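# A look at the structure
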Amino acid sequence: MTTASAPGAPAAASITPAATLVTSEHADATTRRGAGPRVRRRGGVAWLGLTPFAAYVVLFLAVPAVIAVGSGFFDATGRPTLANLAAFADPSVLRAFGASFGLSAVSAIVGAVVGAIVCWALSSLAPDGIVRSMIDSAASVLAQFGGVMLAFAFIATIGAQGLVTTWLASTFHWDINSGGAFLYTVPGLVLPYAYFQVPLMVLTFMPAFEGVKTQWGEAAATLGASRWTYWRRIALPVLAPAFWGSLLLLFANGFSSFATAAALISQGGIVPLTIRAQLTSETIIGLQNVAGVLAFGMVVVMAVVMGAYSLLQRRASRWQR
């Protein structure tokens, strides 16, 4: 009995793994068939969850943008025309675009430089420290602080009767508004614009700073490189795409801002305020729907700027992984 059963033992042992493999594959196939509808249902629920946001984007962003831009290509009778594009040759429109470019560029440069310095200072702090957390929270709030509240804050500070204005006049006999109300001009908008541009730069540029590895500096120092050589040949080239991309984002943010400027300047001067003036009263004789034409110009500028920003961000993301 024992001798007869011994030869059968290896055969049973060799058959068992194969049977187990077949059974396992059958179980996996059954599991996949059962999980397939569940995965599809989960994907459908996820798309269903995006429906409110998609409806909001379509109704309140896409449709108004298409109507605003498309209105510039129709005349007063509703017929399609390209004659309204002649508004871009009007001196007032050219001045508005020039002022918007200048204001956006200056505020973006100021915000980028100051924000980069803040990021450099924050890079030496612990990411989970109290100071770093407070600054990150403040930057998140102040980057969205604009409109009438920001305008009122600057009016109360450096306006004609602001606290700083009266203090400088009584203490140092210096009237900062002696040449006119600086805050209520297009160059004066640089100050409130820089107020929200700097925090935005901190939010967008800080991830790039965090992507710079300390091992790079240690390796450069081991090879005999000075601190200046490390920054000039390693750190700055790595940070350059992110810096220029953030600068373009700040430019786009300043170019499209409206509420703060509208609260401080009653007349046109930049493109958003000129669009408001065109909506309330046509000021260019012989042309209709000039506001739509100006909106089309802004869309073109924003598309070019954001396209360049996307390319730079794609290049900068290689060092942030």
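Residues numbered from 1 in each chain as written. Predicted model: local features only at pLDDT ≥ 70, side-chain atom pairs only at ≥ 80, totals over all residues. Heavy atoms only, no water.

Quick look at the overall build of the protein chain now. A tally of regular secondary structure across the protein chain gives eleven helices and zero strands. Tracing the protein chain from N to C terminus, the helices and strands come up as α-α-α-α-α-α-α-α-α-α-α. Residues counted as buried form 31% of the 321 residues belonging to the protein chain. A separation of at least 24 residues holds for 71% of the contacts in the protein chain among residues at least 6 apart in sequence. (Helix = DSSP H or I, 4+ residues; strand = E, 2+ residues; numbered from the N terminus. Buried < 20%, exposed > 50% of the residue type's maximum accessible area, 1.4 Å probe, protein only. Contact = heavy atoms within 4.5 Å.)

A separate point is the environment of Thr280. Along the chain, Thr280 turns up in helix H10 (residues 271-280). Using a relative accessible area of 65% as the deciding quantity, one classes Thr280 as exposed. Here the side chain of Thr280 touches Ala277 through a polar contact of 3.0 Å, landing on its backbone oxygen. (Polar contact = N/O pair within 3.5 Å; in protein donor to acceptor, adjacent residues only side chain to side chain.)

Bringing the nonpolar core into the picture now. Counting 44 residues, the largest nonpolar core has Phe205, Phe209, Leu239, Val271, Ile275 and Leu294 as its most contacted members. Listing elements by their share of this core, those giving two or more residues are helix H2 (91-122), helix H6 (190-211), helix H8 (227-256), H10 and helix H11 (290-316). Tallying contributions element by element places H8 first for this core, with ten residues. One finds Phe154, Ile158, Leu183 and Leu273 within the second-largest nonpolar core, a separate group that totals 16 residues. (Core = buried A, V, L, I, M, F, W, Y, C linked by side-chain atoms within 4.5 Å.)

Time to look at a nonpolar patch on the surface. Side chains of Phe53, Tyr56, Val58, Leu59, Phe60, Leu61, Val63 and Ile67 sit close together on the surface and give an oily, nonpolar patch of about 840 Å² of accessible area. Tracing the sequence through the fold places Ile67 in helix H1 (residues 2-70). (Patch = residues over 30% accessible without salt bridge, like charges linked within 9 Å, V, L, I, M, F, W, Y side chains within 5 Å. Areas by Shrake-Rupley, 256 points an atom, 1.4 Å probe, with all protein chains shown as cover. Salt bridge = Lys/Arg side-chain N within 4 Å of Asp/Glu carboxyl O.)

Two elements in contact, H8 and H11, have axes whose closest approach is 8 Å; the angle formed by their N-to-C orientations is 160°. Of the possible angle classes, the one that applies to H8 and H11 is roughly antiparallel. In the crossing of H8 with H11, the sense of the turn from one axis to the other is left-handed. Packed against H8, whose contacting residues are Pro241, Ala242, Trp244, Gly245, Ser246, Leu248, Leu249, Phe251, Ala252, Phe255 and Ser256, the element H11 presents Met298, Val301, Met302, Val305, Met306, Ala308, Tyr309, Leu312, Gln313, Arg315 and Ala316 at the interface. (Axes fitted to C-alpha atoms, helices over the stretch in contact; angles between N-to-C directions. Parallel < 35°, antiparallel > 145°, perpendicular 65-115°, else oblique. Left-handed = near helix turned anticlockwise from the far one by under 90°.)

The next point concerns unusual backbone geometry. Trans is the common state for peptide bonds, and a negative phi is the common state for residues other than glycine. In this structure, His173 takes a positive phi of about 55° despite not being glycine. A residue is classified by how much of its surface remains accessible, and His173, at 71% relative accessible area, is exposed.

Here we take up the environment of Phe251. If you trace the backbone, Phe251 turns up in helix H8. In this structure, the C-alpha to C-alpha distance between Phe251 and Gly102, residues 149 residues apart in sequence, is 9.8 Å.

Another aspect to go through is H6. When the terminal C-alpha atoms of H6 are compared, their 31 Å separation across 22 residues agrees well with the 32 Å that a helix rising 1.5 Å per residue should span. At Phe205, H6 is deflected by roughly 40°, the largest bend along its length, and proline Pro207 occurs up to four residues later in sequence. Extensive coverage of H6 is indicated by the burial of 16 of its 22 residues. (Expected span 1.5 Å × (residues − 1). Bend = angle between axes of the 7 residues up to and from the residue.)

What follows deals with the pattern of salt bridges. Tallied over the full model, the rule gives two salt bridges. Across the salt bridge formed by Arg132 and Asp136, the nearest N and O atoms sit 3.2 Å from each other. Of this pair, Arg132 and Asp136 are both found in helix H3 (residues 130-142), four residues apart, which corresponds to roughly one turn of the helix. Owing to a relative accessible area of 26%, Asp136 belongs among the partly exposed residues under this scheme. A salt bridge links Arg132 to Glu210, with the nearest nitrogen and oxygen atoms 2.2 Å apart. With Arg132 in helix H3 and Glu210 in helix H6, this residue pair connects regions lying 78 residues apart in the sequence. By relative accessible area, Arg132 is classed as buried at 5%.

Here the largest pocket is characterised by a volume of approximately 400 Å³. Put simply, the parts of the chain that give the lining of the largest pocket at least two residues each are H6, helix H7 (214-222) and H8. Here the lining of the largest pocket takes four residues from H8, the largest share from any one element. (1 Å grid on protein atoms, 1.4 Å probe; cavity = no way out; pocket = protein on both sides within 12 Å on 5 of 7 lines; lining within 4 Å. Points joined across faces, edges and corners; volume = space filled by probe spheres on them.)

Right, let's talk about the packing of aromatic side chains for a bit. For the coordinates displayed, the defined rule picks out 15 aromatic pairs. On the numbers, 5.9 Å between centres and 75° between planes, the contact of Phe205 with Phe243 is edge-to-face. Of the two residues, Phe205 is situated in helix H6 and Phe243 in helix H8; the sequence distance between them amounts to 38 residues. Note on Phe243: relative accessible area 22%, which makes it partly exposed. Residues Phe209 and Trp231 carry aromatic rings whose centres are separated by 6.3 Å and whose planes lie at 55° to one another, so their mutual orientation is tilted. (Phe/Tyr/Trp six-rings, centres within 6.5 Å; stacked < 30°, edge-to-face > 60°.)

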